[in-house]
Amino acid sequence: MSTYPRLYADANGESHFEDIEIDLASTDYAPPAPPLDLSSFTPVTEFGFMSAPKGWSSDWHPSSGRNMFIVLSGEWEVTASDGETRRFGIGSILLVEDTSGKGHKSRVVSDVESLAVMVQLGE
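So, how was this worked out
Residues numbered from 1 in each chain as written. Predicted model: local features only at pLDDT ≥ 70, side-chain atom pairs only at ≥ 80, totals over all residues. Heavy atoms only, no water. Salt bridge = Lys/Arg side-chain N within 4 Å of Asp/Glu carboxyl O. Helix = DSSP H or I, 4+ residues; strand = E, 2+ residues; numbered from the N terminus. Buried < 20%, exposed > 50% of the residue type's maximum accessible area, 1.4 Å probe, protein only. Polar contact = N/O pair within 3.5 Å; in protein donor to acceptor, adjacent residues only side chain to side chain. Contact = heavy atoms within 4.5 Å. Pairing = 2+ DSSP bridges. Axes fitted to C-alpha atoms, helices over the stretch in contact; angles between N-to-C directions. Phe/Tyr/Trp six-rings, centres within 6.5 Å; stacked < 30°, edge-to-face > 60°.

Caption draft 1: Inspection of the pattern of salt bridges at higher detail. Scanning the entire structure with this criterion turns up seven salt bridges. Between Arg 6 and Glu 97 there is a salt bridge, and its shortest N-O distance comes to 2.4 Å. A residue pair is termed long-range when its members are at least 10 positions apart, and Arg 6 in strand β1 (residues 3–9) and Glu 97 in strand β9 (residues 93–97) qualify at 91 residues. Given the relative accessible area of 22%, Arg 6 is considered partly exposed. Here Arg 107 and Glu 77 are joined by a salt bridge, their closest N and O atoms 2.8 Å apart.

See below:
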């Protein structure tokens with residue numbers, strides 16, 4: 001089964017990573033094309049692109065909203081307030097839901113700028 005990472009805040013405001021399983025089911029999504037495996041859909045409100053130069057870094061901050069973060073170029077390092085650090089390179093996704101508490105730190109660790117897609121999710 002495939003998974004994706006989630007960054008969230010617990011009841012005490014501490015942020016943590018967890019891996020979420022993707023449930024896929026065979027679906028006739030675009031007949032007459034053959035069936036393919038598809039997950040359920042999550043409502044979104046809008047999306048945009050975000051660029052950050054090589055060497056960019058932040059201090060601790062909560063997310064401004066629930067976002068799906070998708071890296072198109074470059075590589076990011078994100079640290080949860082519990083101390084766990086993960087890296088996200090080209091093609092990586094991260095569900096960012098730590099909208100309260102201490103939040104997380106992030107930085108561009110690649111030798112090139114990073115371009116990412118930010119998909120804002122409904123509440």
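Caption draft 2: Spatial organisation of the side chain of Arg 86. Among the secondary structure elements, Arg 86 is positioned in strand β8 (residues 85–88). Looking at Arg 86, its side chain comes within polar contact range of the side chain of Asp 19, at 2.8 Å. Other than its neighbours up to four places away in sequence, Arg 86 contacts Pro 5, Phe 17, Glu 18, Asp 19, Trp 76, Glu 77 and Val 78.

Caption draft 3: Summary view of the pairing of strand β7 (residues 76–80). The buried count for β7 comes to five of five residues, which makes it a mostly enclosed element. Every second residue of β7 is oriented toward a common face, with Trp 76, Val 78 and Ala 80 on one face and Glu 77 and Thr 79 on the other, all of them buried. Two elements, β7 and β8, share four bridges in a ladder whose sense is antiparallel. The partner of Thr 79 across the bridge, within β8, is Thr 85. In sequence, β7 turns back onto β8 through a hairpin of four residues, with Gly 83 there showing a positive phi of about 100°. Bridging between β7 and strand β10 (residues 104–108) involves five bridges; their strand directions are antiparallel.

Caption draft 4: Broad picture of the sheet that holds β7. The three strands are arranged β8-β7-β10 in an open sheet whose pairing can be described as antiparallel. Where the open sheet ends on each side, the last strands, each with one partner, are β8 and β10. For this sheet, the mean inter-axis angle between neighbouring strands, taken without regard to orientation, is 20°.

Caption draft 5: Quick look at the packing of aromatic side chains. Taken as a whole, this structure holds five aromatic pairs when the rule is applied. Considering the side-chain rings of Phe 17 and Phe 88, the 6.3 Å spacing of their centres and the 40° angle between planes classify their relative orientation as tilted. In this pair, Phe 17 is assigned in strand β2 (residues 15–21) and Phe 88 in strand β8, connecting sequence segments 71 residues apart. Each of the two residues, Phe 17 as well as Phe 88, counts as buried. Here Phe 69 and Trp 76 contribute two aromatic rings whose centre-to-centre distance is 5.5 Å and whose plane-to-plane angle is 90°, an arrangement assigned as edge-to-face. One aromatic cluster in this structure is built from Trp 56, Phe 69 and Trp 76.

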